[in-house]
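The residues making up each chain are set out below.
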Amino acid sequence: MFWLLGGIVVPFVGLIAKIEIEGEENLPEEGPFVLAPNHHSEIDPLLVAVAVWRMGRAPRFMAKESLFRVPVLGWALRATGMIPVARASSAAAAKQALDTARHLAERRAGVIVYPEGTLTRDPDLWPMRGKTGAARLALAGDIPLIPMAQWGAQQIMPRYGKFRLWPLRRRVRVRVGQPIALEEYRDRAAHPAAQAELTTRVMDEIAELLSDLRGEPAPAARWEPGAHGQSETGRLE
């Protein structure tokens, strides 16, 4: 199924974007991984998927459970091994993270998780406050947690904007960081404080990678939607 979709998606993305990848050696050639990229455009999942494909791994995402109930789309998500995520209590979320980690380890597969959980609300497109999903998943299975930054997708589709086909092959840069060491968190893997610490660490790493791509310093503090009168959807409350 991946090869079938790849035959359609990869040429299309090659038409609209020139993806340049740095740090490819930091993504393991085999075995499970949790890849945590920044998210600033509706089209960047497509670009991230192609970048991961070009690095020799199958691009699987965590996707909302409701999407799996959509005709055709749900079938495609299941056929390509995407992982459903349900809204749940803390206890249920912890169990889901453990089950997903076991699934990844058994299949020696990787998964792409946006730690922000949604498009950044930062007006300058820097990463905002992260959620603990990626950290919980990595800690539950002792799986490499790898930060990644990408920049350029906003030229093809600005956040909440319209798709721009012309000019073709806009430059999109991707930088994969080194896996974050989990040793100091292992004995506290199930503790929310440890998960929050690791989330802060991965968001800091993503911001640093993005800073290098953009050639400018990242803000000292992450954007907080609630502090600016925004909901998680970006709308004013």
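Owing to the predicted nature of the structure, the values given are computational and were not obtained by experimental measurement.

A. Here's a closer look at unusual backbone geometry. Cis geometry marks the peptide bond from Trp166 to Pro167; its omega dihedral reads 0 degrees. Among the secondary structure elements, Pro167 is positioned in the loop between α6 (153-156) and β7 (170-176). For Arg169, which is not glycine, the phi torsion reads 50 degrees and is therefore positive. Following the sequence through the fold, Arg169 ends up in the loop between α6 and β7.

B. Just the pairing of strand β2 (residues 33-37), in detail. The element β2 is extensively covered by neighbouring structure, given that 5 of its 5 residues are classed as buried. Direction of pairing for β2 relative to strand β5 (residues 110-112): parallel, over a ladder of 3 bridges. Its bridge partner lying in β5, Val34 is registered against Val111. As paired strands, β2 and strand β6 (residues 145-151) are joined by 4 bridges and run parallel to one another. Within β6, the residue paired with Val34 across the bridge is Leu145.

C. Layout of the pattern of salt bridges. This model, assessed by the stated rule, comprises 12 salt bridges. For the salt bridge of Glu197 with Arg188, the shortest nitrogen-to-oxygen distance reads 3.1 Å. Residue Arg188 is classed as partly exposed on the basis of its relative accessible area of 24%. Here the residues in one salt-bridge network are Glu22, Arg173, Arg175 and Asp212, joined through shared partners.

D. Highlighting the side chain of Gln154. Residue position: Gln154 is located in helix α6. Here His40 takes part through its side chain, which lies 2.9 Å from a polar atom of the side chain of Gln154. Among the polar contacts listed, one links the side chain of Gln154 to the backbone nitrogen of Gly152, at a separation of 3.0 Å. Residues contacting Gln154, with those up to four places away along its chain left out, are His40, Ser41, Leu125 and Arg164.

How each quantity is defined
The written sequence of each chain sets the order in which its residues are numbered from 1. Two thresholds apply to this predicted model, a pLDDT of at least 70 for residue-level local features and 80 or more for giving and counting side-chain atom pairs, whereas whole-chain, interface and lining totals are computed over all residues. Hydrogen atoms and water are omitted, and side-chain values are computed over all heavy atoms in the structure. Starting at the N terminus, helices and strands are each numbered in turn, a helix being any DSSP run of H or I of at least four residues and a strand any DSSP run of E of at least two. Burial classes follow relative accessibility: with a 1.4 Å probe on protein chains only, a residue under 20% of its type's maximum area counts as buried, one over 50% as exposed, and anything between as partly exposed. When DSSP locates at least two bridges between a pair of strands, those strands are taken to pair. Every case where a carboxyl oxygen of Asp or Glu lies within 4 Å of a side-chain nitrogen of Lys or Arg is listed as a salt bridge. Contacts described as polar in this section are N or O atom pairs within 3.5 Å, which, within protein, must combine one atom able to donate a hydrogen with one able to accept it, while residues neighboring in sequence count only if both atoms come from side chains. We call two residues in contact when some of their heavy atoms are within 4.5 Å.

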